[in-house]
Amino acid sequence: MSKKVLLTGFDPFGGESMNPSLEAVKQLNGRIAEGIFMVSYEIPTVFHESISVLTKVIQKEEPDIVICVGQAGGRAQLTPELVAINLNDARIPDNQNQQPVDEPIDVNGPAAYFSNLPVKSMVQECIAAGIPAAVSHSAGTFVCNHLFYGLMHYIHTEASHLRGGFIHIPYLPQQVLHKTAPSLGLDTITQGLLVAAVASANDTPERKIIGGSLH
Ligand code: PCA
């Protein structure tokens, strides 16, 4: 039976007029491929509200897998995140002008949660498809890490059958016309997310693949 994959992207933030995560997940909404069925939703780049919107969407859609996606301007690869930490420390305000500094996401929650998606297999499959990818060991301390932590907390406390995680993606070329920063085209990013979703659904036990970092 085909697995249902929920993909989410964020609205633009930090002065950008677009968010590649939203553009890419929109391309995959309703797409059926290699035994998976994808639906996509927009999440506000807002502390707290992002988690409550995601939770409602999960309850409505009842997916097997949740992959949240966000922009990581300056990165050159698709980067599945390994770990979400219990910390809000915003360098810029979110889209509702909230800027928490040094606050826990959940005072009673653990320091961190690991993704329960096969991050190294996702990376390996992307690379095999010619799409730049690497494991990331930090999702930052802004709304992406916040949503990722909220997702994993929900999985651990209320939905242990669910698999979920987060992927950061680079800027689109249109966003770097006046910046010195790497970018990837929308088709490449979208294809990478599809490959990552299929790798997650195939549910292969995580392989011993070299993918750590020295710093
Ligand atoms: N990236 C931000 C939040 C929304 C997004 O797309 C982040 O990395 O936290």
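It should be emphasised that the depicted structure is a prediction, and the values quoted were computed from it without experimental measurement.

## Digging into the nonpolar core
The biggest cluster of nonpolar side chains holds 33 residues, and the ones touching the most others in it are Val5, Ile36, Met38, Ile67, Leu78, Ile189 and Leu193. Breaking this core down by element, the ones donating at least two residues are strand S1 (3-10), helix H1 (20-28), strand S3 (36-43), strand S4 (65-71), helix H3 (119-128), strand S8 (163-169) and helix H5 (186-202). The element best represented in this core is H5, accounting for nine residues. Residue contacts for Ile67: discarding those within four places in its chain leaves Val5, Leu6, Leu7, Thr8, Leu117, Gly165, Ile167, Ala196, Ala197 and Ser200. Cys68, Ala84, Leu151 and Ala159 belong to the second-largest nonpolar core, a separate cluster that totals 30 residues.

## Looking at the environment of Pro44
Here Pro44 is to be found in the loop between S3 and helix H2 (49-61). Under the relative-accessibility criterion, Pro44 is labelled buried at 16%.

## Some thoughts on the site of the ligand
Phe10, Phe13, Asn19, Thr45, Gly70, Gln71, Phe142, Val143, Cys144 and His168 make up every residue found near the ligand. Gln71 is positioned with one of its backbone polar atoms (N or O) 2.8 Å from an oxygen atom of the ligand. Between the ligand and Cys144 there is a distance of 2.9 Å, counted from an oxygen atom to a backbone nitrogen or oxygen. Compared with its free state, where it exposes 260 Å², the ligand has 94% of that area covered by protein.

## Concerning H5
The end-to-end C-alpha distance of H5, which contains 17 residues, comes to 24 Å, matching closely the 24 Å that a straight helix rising 1.5 Å per residue would cover. Counting buried positions over the 17 residues of H5 gives 12, a clear majority of the element. Those residues of H5 not exposed but buried are Ile189, Thr190, Gly192, Leu193, Leu194, Val195, Ala196, Ala197, Val198, Ala199, Ser200 and Ala201.

## Looking at the pattern of salt bridges
According to the stated counting rule, one finds five salt bridges in the structure shown. The salt bridge involving Glu61 is made with Lys4; its shortest N-O contact spans 2.7 Å. Here the residue Glu61 occupies a position in helix H2, and Lys4 occupies one in strand S1, the gap between them amounting to 57 residues. A single burial state applies to Glu61 and to Lys4, both of which are buried. Here Glu61 makes a salt bridge to Lys60, at a shortest N to O gap of 3.9 Å. The exposure class assigned to Glu61 is buried, which follows from its relative accessible area of 14%.

## Quick word on H2
Along its 13 residues, H2 runs 18 Å from first to last C-alpha, staying within 8% of the 18 Å computed at 1.5 Å per residue. Turning to H2, its buried residues are Ser50, Ile51, Leu54, Thr55, Val57, Ile58 and Glu61. Looking straight down H2, one finds its buried side chains confined to an arc of 165 degrees; they lie on one side. Of the exposed residues in H2, the ones pointing more than 90 degrees away from its buried face are Lys56 and Lys60. In the core, the buried residues of H2 are packed alongside S1, S3, S4 and helix H4 (143-158).

## Here's the deal with the sheet that holds strand S2 (residues 32-33)
Paired through their backbone hydrogen bonds, the strands of a sheet run either parallel or antiparallel. Within the open sheet, the six strands sit side by side as S2-S3-S1-S4-S8-S5. Their pairing is mixed. The open sheet is flanked by S2 and strand S5 (79-80), the only strands paired with a single partner. Here S1 pairs with S3 via eight bridges, running parallel. Residue pairing across strands places Lys4 opposite Phe37, the latter belonging to S3.

## Re the environment of Ile85
Structurally, Ile85 can be placed in strand S6 (residues 83-85). Residue Ile85 is classed as partly exposed on the basis of its relative accessible area of 32%. Between the alpha carbons of Ile85 and Gly150 there is a distance of 9.9 Å; along the sequence they are 65 residues apart. Setting aside its immediate chain neighbours within four residues, Ile85 contacts Ile105, Ala111, Ala112, Gly140, Thr141, Asn145 and Tyr149.

Definitions and cut-offs
- Residues numbered from 1 in each chain as written.
- Predicted model: local features only at pLDDT ≥ 70, side-chain atom pairs only at ≥ 80, totals over all residues.
- Heavy atoms only, no water.
- Core = buried A, V, L, I, M, F, W, Y, C linked by side-chain atoms within 4.5 Å.
- Buried < 20%, exposed > 50% of the residue type's maximum accessible area, 1.4 Å probe, protein only.
- Helix = DSSP H or I, 4+ residues; strand = E, 2+ residues; numbered from the N terminus.
- Contact = heavy atoms within 4.5 Å.
- Near = heavy atom within 4 Å.
- Polar contact = N/O pair within 3.5 Å; in protein donor to acceptor, adjacent residues only side chain to side chain.
- Areas by Shrake-Rupley, 256 points an atom, 1.4 Å probe, with all protein chains shown as cover.
- Expected span 1.5 Å × (residues − 1).
- Salt bridge = Lys/Arg side-chain N within 4 Å of Asp/Glu carboxyl O.
- Arc of directions from axis to C-beta.
- Pairing = 2+ DSSP bridges.

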